[in-house]
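The primary structure of each chain is shown beneath.
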Amino acid sequence: MREALARAEAAEGLGAFITLVPEALEKARTLDVRRAAGETLGPLAGVPVAVKDNLCTAGVLTTAGSKSLTGFVPPYSATVVERLEAAGAIVIGKTNLDEFGMGSSNENSAFGPARNPHNPDFVPGGSSGGSAAAVAAGITPLALGTDTGGSVRQPASFTGVLGFKPTYGALSRYGVIAFASSLEQVGVLARSTRDLELALSVMFGHDPHDATSLASPPDLTGAHGDLTGVRVGKVRELCGDGNSEGVLGALARTEATLKALGATVGEVSLPHAPYGTAAYYLVAPAEASSNLARFDGMVYSYRSGEDRLGQAEVMRRSRGESFGPEVRRRILTGTYALSAGYYDAYYGKALKVRRLIAGDMARAFTSYDLLLTPTAPTAAYRLSEKGDPLAVYMGDVDTVLANLAGVPAVSVPAGTAEEGLPCGMQFMAPALQDARLLRVAGALEAAAGKSFAPVAADFL
Ligand code: GLN
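Quantities reported herein were computed from a predicted structural model and do not represent experimental measurements.

Student: Mind showing me how you'd approach the UniProt feature "active site" (unreviewed entry) in the protein chain here?
Tutor: As recorded in UniProt, the feature "active site" (unreviewed entry) lies at Lys 52, Ser 127 and Ser 151. Look at the named residues: they lie 100 residues apart in sequence, but the longest C-alpha span between them is just 10.8 Å, so in the fold they bunch up. As for the annotated residues named above, the ones lining the largest cavity are Ser 127 and Ser 151. Tracing the backbone shows Lys 52 in strand S2 (residues 48–52). Among the residues examined, Lys 52 registers a relative accessible area of 0% and is labelled buried. Non-local contacts of Lys 52, meaning those with residues more than four positions away in its chain, are made with Lys 94, Thr 95, Leu 97, Ser 127, Ser 128, Ser 131, Leu 144, Gly 145, Thr 146 and Ser 151. Within the local environment of Lys 52, its side chain forms a polar contact with the side chain of Ser 127, the two groups lying 2.8 Å apart. Along the chain, Ser 151 turns up in the loop between strand S4 (142–147) and helix H5 (153–159). Here Ser 151 is in contact with Lys 52, Gly 101, Gly 103, Gly 126, Ser 127, Ser 128 and Thr 146, once residues within four sequence places are set aside.

Dropping the structure here:
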């Protein structure tokens with residue numbers, strides 16, 4: 001614990017954390033005493049974990065990367081955090097993120113960007129950029145993120161670690177500051193498949209506080225084993241043009257390794273995949289416009305100073321002053337897409353595309369056990385390199401599909417692409433078949449050996 005906190009402090013320039021929890025050390029000491037007294041401790045006893053700052057933590061500042069939550073200290077913890085702590089894990093800090101999870105580079109944080117530990121001139125990805133940076137820099141072996149359209153998998157890819165988004169409903173969303181509820185899942189970042197499995201297994205399970213929580217969680221037996229006879233379908237629409245040379249190289253290497261491990265790799269079509277990003281960027285902002293209506297400066301969020309202006313004006317100013325440009329853009333486009341006269345043309349059509357994508361996937365899974373795509377079309381880019389929001393949105397083309405369809409997906413490190421920076425490959429499985437993803441990740445990890453998810457030290 002001492003080492004994790006020291007490393008977090010040494011890595012301050014990475015901007016991985018918004019808040020550190022120095023009390024973690026005392027908690028670790030208490031566990032040492034209990035262990036010495038012969039008590040049986042939980043499977044994660046004393047393991048330092050980092051938690052994305054849109055997950056509520058009792059008594060610890062929770063910002064969601066936004067000025068609008070200034071001073072918010074939740075009176076309760078998210079169920080996933082409670083379950084990790086019940087297993088003995090200790091939260092050492094709250095990690096940086098794009099405001100409310102809206103972004104793909106961590107540059108939309110009100111607390112400044114997080115940086116890529118493999119090269120601090122580059123973004124760590126987003127929106128769970130701080131969690132990815134903390135794990136890649138070897139500060140914690142595990143971190144929690146949230147994944148609405150790729151926010152666990154894409155930063156995992158950019159920083160060379162594992163990123164797992166479970167089946168929709170497998171992990172409780174109670175205590176997650178909501179962005180787009182029908183798409184969102186908590187996810188885990190780690191450097192080893194075993195760690196990933198351990199974290200998932202203590203967090204899985206029904207939560208009566210979340211109406212979308214599954215009655216019974218995915219069964220993780222089958223998470224180990226070789227890949228003999230496993231049928232992998234490479235998604236035609238996402239594995240060619242539009243990807244960088246480096247990413248295509250990593251894809252070819254992964255394909256060769258899969259075959260060497262006994263899997264068969266074929267090509268499969270998801271005809272509606274090219275429309276996924278457009279559908280996502282209607283559904284997600286629509287839900288965001290509704291979810292974020294609660295931040296009106298009346299109860300606990302940021303309130304504009306001038307109280308005598310009347311309620312409507314205070315609300316207007318509070319929202320205008322506290323939301324960053326990307327959040328405002330989402331609220332505007334989402335409200336527009338839901339408004340009378342436009343609902344059918346935009347939101348309604350996006351829902352139809354969503355259904356078609358789920359259908360494409362169901363069809364693909366009748367012939368294949370797993371679907372393979374790059375996690376993102378490129379490796380990490382430089383800070384401030386992408387000014388145009390649409391260019392950033394297009395980078396989510398691979399990841400949004402799993403959220404639209406509610407299926408589990410993992411990003412597995414696949415070596416380096418451009419400029420020596422890491423990149424990952426994405427596997428998707430049918431709903432509830434989360435174990436298949438752990439199995440393929442574990443097999444690729446064993447094949448890669450020590451080079452699988454190396455700790456980045458460039459930032460020191
Ligand atoms: N990059 C996507 C977005 O900006 C996904 C974000 C997420 O998964 N939270 O909406």
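Student: How do you make sense of the side chain of Asp 147 when you look at a structure like this?
Tutor: Counting through the fold element by element, Asp 147 comes out in strand S4. A polar contact of 2.8 Å, which involves the side chain of Asp 147, links it to the backbone nitrogen of Gly 150. Polar contacts involving the side chain of Asp 147 include one to the side chain of Arg 153, which spans 2.7 Å. Residues contacting Asp 147, with those up to four places away along its chain left out, are Val 152, Arg 153, Lys 165, Leu 183, Glu 184, Gln 185 and Asn 403.

Student: How do you make sense of the site of the ligand when you look at a structure like this?
Tutor: As a matter of local geometry, the ligand sits amid 15 residues, with Thr 148, Gly 149, Ser 151, Tyr 280 and Arg 330 nearest to it. Residue Gly 149 places a main-chain N or O atom 2.7 Å away from an oxygen atom belonging to the ligand. Alone, the ligand offers 290 Å² of accessible surface; in the complex the protein occludes 100% of this. Comparing atom positions with the cavity grids shows the ligand to sit within the largest cavity. When the residues that make up the shell around the ligand are grouped by side-chain class, the tally is four nonpolar, eight polar and three charged.

Conventions we followed
Residues numbered from 1 in each chain as written. Predicted model: local features only at pLDDT ≥ 70, side-chain atom pairs only at ≥ 80, totals over all residues. Heavy atoms only, no water. UniProt positions renumbered as here; feature names shortened; annotations may be inferred. 1 Å grid on protein atoms, 1.4 Å probe; cavity = no way out; pocket = protein on both sides within 12 Å on 5 of 7 lines; lining within 4 Å. Helix = DSSP H or I, 4+ residues; strand = E, 2+ residues; numbered from the N terminus. Buried < 20%, exposed > 50% of the residue type's maximum accessible area, 1.4 Å probe, protein only. Contact = heavy atoms within 4.5 Å. Polar contact = N/O pair within 3.5 Å; in protein donor to acceptor, adjacent residues only side chain to side chain. Near = heavy atom within 4 Å. Areas by Shrake-Rupley, 256 points an atom, 1.4 Å probe, with all protein chains shown as cover. Sits in = over half its atoms within 2 Å of the grid points. Nonpolar A, V, L, I, M, F, W, Y, C, P; charged D, E, K, R; others polar.

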